[in-house]
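Structure at a glance
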Amino acid sequence: MKKFLLAGSLFLTLSGGSVFAIPPAYEGEFPNPVVERHYRGDVVEEFTKRFFEAGGWKPVDAKVGNSGIDNLFIKTDRNGNVKEVLIVESKANSSTLGTTKGKGVQMSKEWILQSLDEKIKQLEKDLSQTTDPRRAKEIKKQLKTLRQVRALVEKNNYRARLLELKHLGGKKFELILKEIPPGITSQELAKIKNQLKVKARKIIDLNRNDKLARILKASLKEVTKAYAELGKFVKASTVRRTLAEAPFKVPQISKTLSTIKKLKFVARAKGVLTHFP
């Protein structure tokens, strides 16, 4: 198990010797390597959200459980209709686009459309079951947005990106943004997914105070706080036992779980006290 460096330090040792900066107030140790992987993934997802929000993009929830589109962003016209769509897959370190059962390669047009259909179907079911007028109104608004997004994707009128955040050692990271051609089929993407065109490449140094460094610092702080806060309510022995019995059930903590109250509820609802020391 890899340990948090104790109070007064700003680093957290992860698998393979990687280091992410964290606030000094939290101490502990990861109960399982799975937790370390999820932590890195959550940091990159939070960074992705903040990075594109800073560029004027509005995030839209398109996930179904822990699957589906991780990062969907839109821009709208004066009437609130979707005019631009951006879909981003974020990866930590050496992660690459995967192939999903029945949907093909991540970020292919087939995969995007099927993922949108899954979310739309889920919302339609929720709408048919809710008795709360306010909730019904909210769902209808979500459905309108996602149907407009789908129509634009169908016409190949969207942008797709792969965002990679690689740790270079110490407080330095490399941000790589790659272009995924709109409308590309799963078969075509499988051939070129390791040769995507690089749109931007930046070094992020946490010793600096530029825009990218501030976004990454805020992302690290937000995710670590969520892990730490929930950890206060969970005994390490219970976590380790649960992980040992059913590691595949560990839910990923992500930006969609926006409050500590929600984190606790989701963990309990799944019957897993998650992966916090």
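Computed from a prediction, not measured in an experiment: that's the story for all the values here. (Residues numbered from 1 in each chain as written. Predicted model: local features only at pLDDT ≥ 70, side-chain atom pairs only at ≥ 80, totals over all residues. Heavy atoms only, no water.)

A few points about the overall build of the protein chain
- The helix and strand inventory of the protein chain stands at seven helices and 12 strands.
- When the 277 residues of the protein chain are sorted by exposure, 47% land in the buried category.
- Counting contacts in the protein chain only where the partners sit at least 6 residues apart, residues at least 24 apart contribute 59% of the total.
- Roughly 14400 Å² of accessible area belongs to the protein chain as shown, and the carbon and sulfur atoms make up 50% of that amount. (Helix = DSSP H or I, 4+ residues; strand = E, 2+ residues; numbered from the N terminus. Buried < 20%, exposed > 50% of the residue type's maximum accessible area, 1.4 Å probe, protein only. Contact = heavy atoms within 4.5 Å. Areas by Shrake-Rupley, 256 points an atom, 1.4 Å probe, with all protein chains shown as cover.)

Details of the confidence of the model for the protein chain
- Summarising the model, the protein chain shows a mean pLDDT of 75, and 66% of its residues fall at 70 or more.
- For residues 1–32, every residue scores under 50 in pLDDT, and the model assigns this stretch 85 contacts once sequence neighbours within four places are set aside.
- Contacts of residues 232–277 to residues separated by more than four positions or lying in other chains number 77 contacts, the stretch itself having pLDDT below 50. (pLDDT = per-residue confidence, 0-100.)

Considering the packing of aromatic side chains
- For the coordinates displayed, the defined rule picks out three aromatic pairs.
- Ring centres 5.7 Å apart and planes at 20° place the aromatic pair Phe 47 and Phe 51 in the stacked group. One end of the pair, Phe 47, and the other, Phe 51, are both in helix 1 (residues 33–53), four residues apart, so they sit about a helical turn from each other.
- Here the aromatic rings of Phe 51 and Phe 52 are separated by 4.9 Å at their centres, their planes lie at 85°, and the arrangement is edge-to-face.
- Judged by relative accessible area, Phe 52 falls into the buried class, the value being 8%.
- Taken together, the aromatic side chains of Phe 47, Phe 51, Phe 52 and Phe 73 make up a single cluster linked through ring pairs.
- Over the ring of Trp 57 we find Lys 75; its NZ or CZ atom is 4.6 Å from the centre of that ring. (Phe/Tyr/Trp six-rings, centres within 6.5 Å; stacked < 30°, edge-to-face > 60°. Lys NZ or Arg CZ within 6 Å of the ring centre and 35° of its normal.)

Observations concerning the side chain of Lys 178
- Secondary-structure assignment places Lys 178 in strand 11 (residues 172–180).
- A relative accessible area of 15% places Lys 178 in the buried class.
- Among the polar contacts listed, one links the side chain of Lys 178 to the side chain of Glu 164, at a separation of 3.2 Å.
- Those residues in contact with Lys 178 that sit more than four places away from it in its chain are Ala 160, Arg 161, Leu 162, Glu 164, Leu 196, Lys 197, Val 198 and Lys 199. (Polar contact = N/O pair within 3.5 Å; in protein donor to acceptor, adjacent residues only side chain to side chain.)

Digging into the side chain of Lys 63
- Inspection of the secondary structure assignment puts Lys 63 in strand 4 (residues 63–64).
- A relative accessible area of 8% places Lys 63 in the buried class.
- A polar contact of 2.6 Å, which involves the side chain of Lys 63, links it to the side chain of Asp 70.

Thoughts on the sheet that holds strand 6 (residues 71–76)
- Within the open sheet, the six strands sit side by side as 3-6-7-10-11-12. Their pairing is mixed. Here the strands that pair on one side only, and so sit at the sheet edges, are strand 3 (58–60) and strand 12 (197–205). Sheet twist, expressed as the mean angle between neighbouring strand axes with direction ignored, is 30°.
- In this sheet, strand 11 lies alongside strand 10 (residues 159–169) in antiparallel orientation, the contact comprising nine bridges. (Pairing = 2+ DSSP bridges. Axes fitted to C-alpha atoms, helices over the stretch in contact; angles between N-to-C directions.)

Quick notes on helix 2 (residues 109–129)
- Over its 21 residues, helix 2 extends 31 Å from the first C-alpha to the last, a length consistent with the 30 Å expected when each residue adds 1.5 Å.
- Those residues of helix 2 that sit buried are Lys 109, Trp 111, Ile 112, Leu 113, Ser 115, Leu 116, Lys 119, Ile 120 and Leu 123. (Expected span 1.5 Å × (residues − 1).)

Describing the pairing of strand 7 (residues 82–92)
- Burial analysis of strand 7 places nine of its 11 residues in the buried class, the great majority of the element.
- In terms of strand pairing, strand 6 meets strand 7 through six bridges, oriented antiparallel. Pairing of Leu 72 across the sheet is with Ile 87, part of strand 7.
- The turn linking strand 6 back onto strand 7 is made up of five residues, and Gly 80 within it adopts a positive phi angle of 85°.
- Here strand 7 pairs with strand 10 via seven bridges, running parallel. Across the sheet, residue Ile 87 finds its bridge partner in strand 10, namely Ala 160.

Focus on the pattern of salt bridges
- Within this structure, the stated rule accounts for 16 salt bridges.
- A salt bridge links Glu 84 to Arg 159; its shortest N-O distance comes to 2.4 Å. Pair noted here: Glu 84 is in strand 7 and Arg 159 is in strand 10, with a separation of 75 residues, a long-range link.
- Look at Glu 84 and you get partly exposed, because its relative accessible area is 25%.
- Overall, Arg 159 belongs to the partly exposed group, its relative accessible area being 35%.
- One salt-bridge network, held together by shared partners, links Glu 46, Arg 50 and Glu 222. (Salt bridge = Lys/Arg side-chain N within 4 Å of Asp/Glu carboxyl O.)

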